Amino acid sequence: MRIGSPLITTRLTDLLGIRHPIVQGGMQWVATAPLVAAVANAGALGFLSALTQPDPTELGKEIERCRALTSEPFGVNLTILPSISPPPYAEYRQVIIDSGISVVETAGSNPGEHVDAFKAAGITVVHKCTSVRHALSAQRLGVDAVSIDGFECAGHAGEDDTPGLVLIPAAVDRLEIPVIASGGFADGRGLVAALALGAEGINMGTRFMCTVEAQIHDNVKQRIRAADIRDTDLIFRELRNTSRVASNEISRQVVDLLRTGATFQDVRDLVAGARGRKVYETGDLDYGIWTVGMAQGLVHDISTVDEVVTGIVQEAETLINSRLVAATSSMAPAAR
């Protein structure tokens, strides 16, 4: 890490060609061009969500829409999940390559074949994971960095229940590539903590949902702003596919059903992605499952993306400089 007004630079900023060590996660239904471009223009890195787009052709259009809004670097998230009828991942991948995207975030299942294709095209690959063992596997596959999710995160939190305070330094100790700290980050204090733990930057989702540029209903943003750290539920624990979501009527129903022996087929309609998307579109907060992290308890306003990024960086610089000054002063020889 290098500190020089007005920038905190790390291996991550060098790798990605960005000004600030802050990444916006590729959130399904949320990470669209207006938000991603605003993040890029603020000097951080945003990821479009590939699977938010209904088909690869529409992804290509969304990439061009983002390019019309920013000349700064941005990336695309491709999440690979087990499915009875999987989307055409190879076609999405080819659109990403053909569009000249310089950085991709993979997530979910083993990204091996996709990493090979992206790397052959000269694309920087960040893999998102929830454990040190999966991060090591990703490093062996040749990814350039990992984003590692602590238990506090929104969405899939893994099955180890390891919080970031332990998981991040454990990953840093074992990995040679840069580590992005993810899960529970929303302000400059979190950025300083992540850097102190050895990470090269932070990934935020919930904080960026609660911004002016996020194209989701204001009811969702107001709910995040008013919520505290306890207002999430962990669903699918019994299925060993744990996911952290906003606590609402549907999530509590799903938790109760699975706890009493229900199967995924019994709750499938309740957790359908189409219902979650409607929450973001209509603002009916109890219509479906939607993801949010414990960091919502640290979010108290709906700001522009630029205000969020600038505020985090300024707070972090102030904390680092004040701590360094205090430490230096405390080590100075006593006056005689």
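Residues numbered from 1 in each chain as written. Predicted model: local features only at pLDDT ≥ 70, side-chain atom pairs only at ≥ 80, totals over all residues. Heavy atoms only, no water.

*Asks:* Can you break down the layout of surface pockets residue by residue, with the values?
*Replies:* For the second largest pocket, the calculated volume is near 240 Å³. Along the wall of the second largest pocket there are 17 residues; nearest its centre are Gly183, Gly184, Phe185, Gly190 and Leu298. Of all the secondary structure elements, the ones that give two or more residues to the lining of the second largest pocket are helix 7 (164-174) and helix 8 (188-196). Here the residues of the lining of the second largest pocket sort into ten nonpolar, four polar and three charged. (1 Å grid on protein atoms, 1.4 Å probe; cavity = no way out; pocket = protein on both sides within 12 Å on 5 of 7 lines; lining within 4 Å. Points joined across faces, edges and corners; volume = space filled by probe spheres on them. Helix = DSSP H or I, 4+ residues; strand = E, 2+ residues; numbered from the N terminus. Nonpolar A, V, L, I, M, F, W, Y, C, P; charged D, E, K, R; others polar.)

*Asks:* Any details on the packing of aromatic side chains? Residues and values, ideally.
*Replies:* For the structure on display, the rule yields two aromatic pairs. The interplanar angle of 65° and the centroid separation of 6.1 Å between the aromatic rings of Phe236 and Phe264 together place this pair among those described as edge-to-face. Taken together, the residues Phe236 in the loop between strand 12 (232-235) and strand 13 (243-246) and Phe264 in helix 12 (residues 264-267) connect sequence positions 28 residues apart. Judged by its relative accessible area of 10%, Phe236 is buried. For Phe264, a relative accessible area of 35% gives the class partly exposed. With centroids separated by 6.3 Å and ring planes inclined at 75°, the aromatic side chains of Tyr280 and Trp290 adopt a geometry described as edge-to-face. Placement of the pair is Tyr280 in helix 13 (residues 273-282) and Trp290 in the loop between helix 13 and helix 14 (305-331), with a sequence separation of ten residues. Pair check on accessibility: Tyr280 and Trp290 agree, each one buried. Here Arg244 stacks its cationic end above the ring of Phe151, 4.9 Å away from the centre of that ring. (Phe/Tyr/Trp six-rings, centres within 6.5 Å; stacked < 30°, edge-to-face > 60°. Buried < 20%, exposed > 50% of the residue type's maximum accessible area, 1.4 Å probe, protein only. Lys NZ or Arg CZ within 6 Å of the ring centre and 35° of its normal.)

*Asks:* So what's going on with the side chain of Asp233? Which residues, and what values?
*Replies:* Within the secondary structure, Asp233 is located in strand 12. No salt bridge is formed by the buried Asp233; its nearest oppositely charged neighbour, Arg252, is found at 4.8 Å. At 2.7 Å, the side chain of Asp233 and the side chain of Ser251 are in polar contact. (Lys, Arg positive; Asp, Glu negative; His and termini not counted. Salt bridge = Lys/Arg side-chain N within 4 Å of Asp/Glu carboxyl O. Polar contact = N/O pair within 3.5 Å; in protein donor to acceptor, adjacent residues only side chain to side chain.)

*Asks:* Describe unusual backbone geometry, and please don't skip the residues or the numbers.
*Replies:* Not every positive phi belongs to a glycine, and Trp29 is a case in point at roughly 75°. You can see Trp29 is positioned in the loop between strand 3 (22-24) and helix 2 (33-41). For Trp29, a relative accessible area of 21% puts it in the partly exposed group. Despite not being glycine, Arg240 has its phi angle at roughly 55°, a positive value. Position of Arg240 relative to the elements: it lies in the loop between strand 12 and strand 13.

*Asks:* Give me the lowdown on the sheet that holds strand 5 (residues 75-80), citing residues and values where you can.
*Replies:* Sheet strands associate in pairs through backbone hydrogen bonding, adopting either a parallel or an antiparallel arrangement. An order of 3-4-5-6-7-8-10-11 is seen for the eight strands of this closed barrel, with the pairing classed as parallel. Each strand axis lies, on average, 25° off the axis of its neighbour in the sheet, ignoring direction. For strand 3 and strand 4 (residues 45-49), the ladder comprises two bridges, and the chain directions are parallel. Within the sheet, the bridge partner assigned to Val23 lies in strand 4 and is Leu45. Across the face of the sheet, helix 2 comes into contact with strand 3 and strand 4 while running at roughly 165° to strand 4. (Pairing = 2+ DSSP bridges. Axes fitted to C-alpha atoms, helices over the stretch in contact; angles between N-to-C directions. Contact = heavy atoms within 4.5 Å.)

*Asks:* I'd like to hear about the nonpolar core, residue by residue, with values.
*Replies:* Counting residues in hydrophobic clusters, the biggest one holds 76 residues, and the most contacted among them are Ile22, Val146, Phe208, Met209 and Trp290. Once residues lying within four places of it in the same chain are set aside, the contact partners of Met209 are Met27, Val30, Ala214, Ile216, Val220, Lys221, Ile224, Tyr280, Trp290 and Thr291. If you look at the next biggest cluster of nonpolar residues, it comprises twelve residues, including Val254, Val255, Val267 and Leu270. (Core = buried A, V, L, I, M, F, W, Y, C linked by side-chain atoms within 4.5 Å.)

*Asks:* Help me get a handle on the sheet that holds strand 12, residues and values and all.
*Replies:* Taken together, three strands build an open sheet; the order of strands is 9-13-12 and the sheet is antiparallel. Lying at the two open borders of the sheet, with one neighbouring strand each, are strand 9 (155-156) and strand 12. Where strand 12 and strand 13 come together, four bridges link them in antiparallel fashion. Counterpart to Ile235 in the pairing with strand 13 is Ser243. The strands touched by helix 11 (residues 249-259) within the sheet are strand 12 and strand 13, with strand 12 carrying the most contacts at an inclination of about 35°.

*Asks:* Lay out the pattern of salt bridges with the relevant residues and their values.
*Replies:* Applying the stated criterion across every chain, the model contains 13 salt bridges. Its salt-bridge partner being Lys128, residue Asp149 comes within 3.4 Å of it at the nearest N-O pair. Taken together, the residues span a long stretch of sequence, with Asp149 in strand 8 (residues 145-149) and Lys128 in strand 7 (residues 124-129) at a distance of 21 residues. Accessibility assignment for this pair places Asp149 and Lys128 in one class, buried. Of the charged contacts, one joins Asp161 and Arg237 as a salt bridge, the two residues approaching to 2.6 Å between their closest N and O atoms. With a gap of 76 residues between them, Asp161 in the loop between strand 9 and helix 7 and Arg237 in the loop between strand 12 and strand 13 connect regions that are remote in the sequence.

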